[in-house]
Amino acid sequence: MPLRRGPFVRCWFSAALLLLGLAAFSSTSGSEHAATAALPAAFSDLLPHFLVEPEDEYIVKNKPVTLTCRSTPATQIYFKCNSEWVNQNDHVIERTVDPATALPVMQVTIEVTRQQVEKVFGLNEYWCQCVAWSTTGTQKSQKAYIRIAYLRKNFEEEPQGKEVALDQEVLLRCHPPEGVPQAEVEWQRNEDVLDPVSDPNFFITPDHNLIIKKARLVDTGNYTCLAKNIVARRKSNSATVLVYVNGGWSTWTTWSSCSAVCGRGWQKRSRSCTNPTPLNGGTSCEGQNVQKSACVATCPVDGGWSEWSKWSACGADCSMWRSRECSQPSPGTGGKDCQGLDLQSINCTSEQCPQTVSGAEDVALYVGMVAVALCLTLLLIVVVLVYRRKKEGLDADVADSSILTTGFQPMGIKPSKPGVWAPRPRRPPHCKNSHLLTIQPDLTTTTTSYQGTLRSRHDTTGKFSMSNGPLLDPLPNGSHTLHNGKLNSDPAEFVSRLSTQTYFKTLPRDVANTSYGTFNFLGGRLTIPNTGISLLIPPEAIPRGKIYEIYLTVQRKEDLRLPLAGCQTLLSPIVSCGPPGVVLSRPVILSMDHCFDACLDNWAVRLKKQNYEGAWEDVLLMGEELVSEPYYCQLEAETCRLFTEQLGTFALVGESLHMGAAKRLRLVLFSDAYCSTLEYNIRVYCMDDTQDVFKEVMQMERQLGGRLIDEPHVLLFKDSYHNLRLSIHDMPQAHWRSKLLAGYQEIPFYHIWNGSQRYLHCTFTLERLSLSTCELTCQLCVWQVEGEGQSFALDFNIAKDTRALDSEFLLMDSNATALAGPSAFQIPYLIRQKICSSLDAPCPNGADWRMLAQRLKLERHMSFFASKASPTSVILDLWEAQHFHSGNINQLATVMADIGKQEAMIFLVSDGEC
């Protein structure tokens, strides 16, 4: 701040200044001296005082500023800037007389330019003050500081966009650019200036930050910090504030009426996520929107007639009457009323009526004739039915399952022949104990064991129509043979027929990722090669007498969108098996890969199932399985095995509980197999660490003519909201250079976490300086957070295709996609039955199914096994699902021997005995 100096009088100093002034300005005109001399004697002893003093000024661009000084009584006024006197010629002087006091008034102005101010270096500021003289002494004015005004372009801190919940406090920071004078700050929302006075919900802090006390929906918008001074106006980048609303459940509706008209059925109630409705990306409601409950509907009762009453006496109108009531039983709960008359009359003879009619004997005769006719008719019907039954043969007694399976009919089985139930390929038929391994199935206890070919009983054209049935059409009429072993069918024909059904129109028509087969009570297995996806149908899972055509397929994520909310992410492929609605006697096992760290402390993993309406429902929470539910899950390091009694479309969805949760990603590098130009492209794929996605990428690269240049790498991707960055370093600069403008490539976090695409990739374009350069060595760096990441060394020859795409990284599965009967299992059927009968019964020393579960490290699922009628069979089912390709049956036999069961000896059949 400029300082004001008070007057001080020193006679010798005043005289010196006066002499200096007279000497310096001796050339002043005689009129000016006259004016000085004309100062009235009465005021000759007054010191000058300032009427106007110079003020601080700012130079805007190149415009000079004017400083003014006015004093009375004053004989001379001169400016001094930065302790130096301003040249006389730069002063503009104006003299007047104050009419009230008759004192002389003197005003002096000068101009200060930008060049004068810029000559001052260092920390000193440019200042000016004026000095006024009178005959008595001098007086100095306050200092006026002159500064060059400016406003820099860049904000020191700009506001950042935020997503906030309703009623949450929001803080938007703003540090304006440096400027002279200091910039004033105001806030705008969608270009409208915010006024905290008119809207108290806003508050601007002294350091220019904006606080929204309680976020409202109307506060959603683009916020801008505006800084301005006398030089310019600066706007910050807009910060988007999104106010979201998390969904809330409404109250439950009343229970609907029972779905069954008679007997057991279902009733449901629903609620909606509308209290409030999620807005602006708010989380959806957690839990089910529909609840189902079993109900029993009272069956309708049709009315029945009571016995006729006795005839009344003959009336005067020559008639008699009798009646009956609809009371045995009375119609109830919507039942039909009795059909017929409740009052009957006949003519009669009496003294009042001269007509005559037949006697009671004739009436009895007529009744007897009618009864005999009815008996003969019933007898004839029975004879016709028996005749038709014998003519059709015993195979007509096969139960029609179309009602239970909503569209399925039983298929015929040809009589068993030698070789139909073939031995397993790994055990030739000449082994000593081959009779134990090639046991002829006992079909005499089932309805499918009759001699001759079975045919469908009903014609499909006359069958009950199921317009909304979820299952396949009935199999066409004719003979159908069920073989033991591989099922060789036309997949394209099956997919074409499957896609005509109403429910299956959304299923993919990808023959390479679809497997199907026809199965009976002996069970079987469906596998989609090179995907890790399989369906094990244990023996007795399909009821005896039933034959089902079952499919297994993997859905593409882009074809079937799974709704995800909040921090949820897809952790497995979307797998469909069906048809839904088939009746199963025991659970089947669906195996599929997952891509998370298998630590349930970091995750809340849910199994989702798509219902008939296409909506997704939560059917299981990992770690909180209930043995009473139709679903149960065995979670392994990379695989999930689902026990289910209902077929359908399933997927695993995880929600991270904190930022330590991580998904497994697989990084795969490809390049062109042949390169004849200077440019060379390296494609880096980032995908979920599941076999089905890897298979798809490998097949696509094979079509593009690509080559695999390095082994796949596994990367843990954390829920930290940081993007994935990739870069290539340490290339030999003498031979190679990168054509990328940026130092790294970036894949957004949400693209990976949401899983909306099956795989993501980025391309690094390199350029070799000579066509003779073939060796490439470099480092691929992948990181999510600065300072944390992985680095992979690459060293290969671009001219040599040394790694084929069908190498060990994509093992071509030579096993059949569908196996039926004993060939689908490691353990022969009869041996399996003996093991179950031996271990199911509790043993005092614990040598039962519980010890088997402990030996196989499955003790975590003891309660689930105990809930089943045969715990041992469920344990063996899980062992079969885990060890179909790599299982050693002798290892299982060793476990049985450790338990102390003699049945283990039947396993010990070595290759040397064959």
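Computed from a predicted structure; not experimentally measured.

(A) Structural context of the side chain of Q610. Examined against the element boundaries, Q610 turns out to sit in strand β34 (residues 603-610). The exposure class of Q610 is buried, given its relative accessible area of 11%. For Q610, the side chain forms a polar contact with the main-chain oxygen of G614, separated by 3.1 Å.

(B) View of unusual backbone geometry. N275 connects to P276 through a cis peptide bond whose omega is 0°. Cis peptide bonds are those with omega within 30 degrees of zero, and the linkage from Q328 to P329 qualifies with -5°. Looking at the secondary structure, you find P329 in the loop between β24 (319-323) and β25 (343-347). The backbone of D167 sits at a positive phi, close to 70°, despite the residue not being glycine. Assignment of secondary structure puts D167 in the loop between β12 (162-165) and β13 (170-172). With phi around 70°, E191 is a residue other than glycine that occupies positive phi space. Structurally, E191 can be placed in the loop between β15 (184-189) and β16 (192-193). A relative accessible area of 53% means that E191 is categorised as exposed.

(C) Molecular detail of the side chain of T690. Along the polypeptide, T690 turns up in the loop between β40 (679-688) and α8 (691-704). For T690, a relative accessible area of 3% puts it in the buried group. A polar contact of 2.8 Å, which involves the side chain of T690, links it to the side chain of D692. Beyond its immediate sequence surroundings of up to four residues, T690 is in contact with P573, D593, H594 and C595.

(D) Representation of the pattern of salt bridges. If you walk through the whole model with that rule in mind, you get 27 salt bridges. Here K739 makes a salt bridge to E679, at a shortest N to O gap of 2.5 Å. With K739 in the loop between β44 (736-738) and β45 (745-747) and E679 in strand β40, this residue pair connects regions lying 60 residues apart in the sequence. D848 is the partner of R850 in a salt bridge, and the nearest nitrogen-oxygen pair spans 2.7 Å. Overall, the relative accessible area of 35% leaves R850 in the partly exposed class. On the accessibility criterion, D848 (0% relative accessible area) is buried. Three or more residues joined by partner-sharing salt bridges are found here, namely R189, D199, R216 and D219.

(E) Representation of the sheet that holds strand β43 (residues 724-729). As summarised here, the arrangement of the 4 strands in space is β45-β43-β47-β48, forming an open sheet in which the pairing is antiparallel. Looking along the sheet, the strands with just one partner apiece sit at the ends: β45 and β48 (788-797). Taken over all neighbouring pairs, the strand axes of this sheet differ in orientation by 20° on average, direction set aside. Summarising the sheet, β43 and β45 pair through 3 bridges and their orientation is antiparallel. Of the residues in β45, the one forming a bridge with L724 is I747.

(F) Expanded view of α8. Compared with an ideal rise of 1.5 Å per residue, which puts 14 residues at 20 Å, α8 spans 20 Å between its outermost C-alpha atoms and is within 8% of the ideal. Those residues of α8 lying buried are D692, V693, F694, K695, E696, V697, M698 and E701. Structurally, α8 contributes buried residues whose contacts are with β28 (524-528), β30 (548-555), β39 (662-672), β40, β41 (706-708) and β46 (759-768). Phi for G705, located one or two positions after α8, is positive at around 80°.

(G) A look at the nonpolar core. Ranked by size, the top nonpolar core spans 68 residues in total, and within it L535, I550, L552, I682, L724 and L780 carry the most contacts. Two domains each put at least three residues into this core: domain 4 (520-658) and domain 5 (662-810). Setting aside anything within four residues of it in sequence, one finds L535 in contact with G524, R525, L526, I550, L552, C577, V588, I589 and L590. Grouped together as the second largest cluster of nonpolar side chains are 33 residues, F643, W849, F865 and W879 included.

(H) How the structure looks around the sheet that holds β13. Sheet architecture is open: 3 strands sit in the order β13-β18-β17, paired in antiparallel fashion. The sheet is open, and its two edges are formed by β13 and β17 (202-204), each paired on a single side. Taking each pair of neighbouring strands and ignoring which way they run, the sheet shows an average axis angle of 20°. Alignment of β17 against strand β18 (residues 210-212), held across 3 bridges, turns out to be antiparallel. Bridge pairing links F203 to I211 in β18.

Thresholds applied
Residues numbered from 1 in each chain as written. Predicted model: local features only at pLDDT ≥ 70, side-chain atom pairs only at ≥ 80, totals over all residues. Heavy atoms only, no water. Helix = DSSP H or I, 4+ residues; strand = E, 2+ residues; numbered from the N terminus. Buried < 20%, exposed > 50% of the residue type's maximum accessible area, 1.4 Å probe, protein only. Polar contact = N/O pair within 3.5 Å; in protein donor to acceptor, adjacent residues only side chain to side chain. Contact = heavy atoms within 4.5 Å. Salt bridge = Lys/Arg side-chain N within 4 Å of Asp/Glu carboxyl O. Pairing = 2+ DSSP bridges. Axes fitted to C-alpha atoms, helices over the stretch in contact; angles between N-to-C directions. Expected span 1.5 Å × (residues − 1). Core = buried A, V, L, I, M, F, W, Y, C linked by side-chain atoms within 4.5 Å. Domains from an automatic or database assignment.

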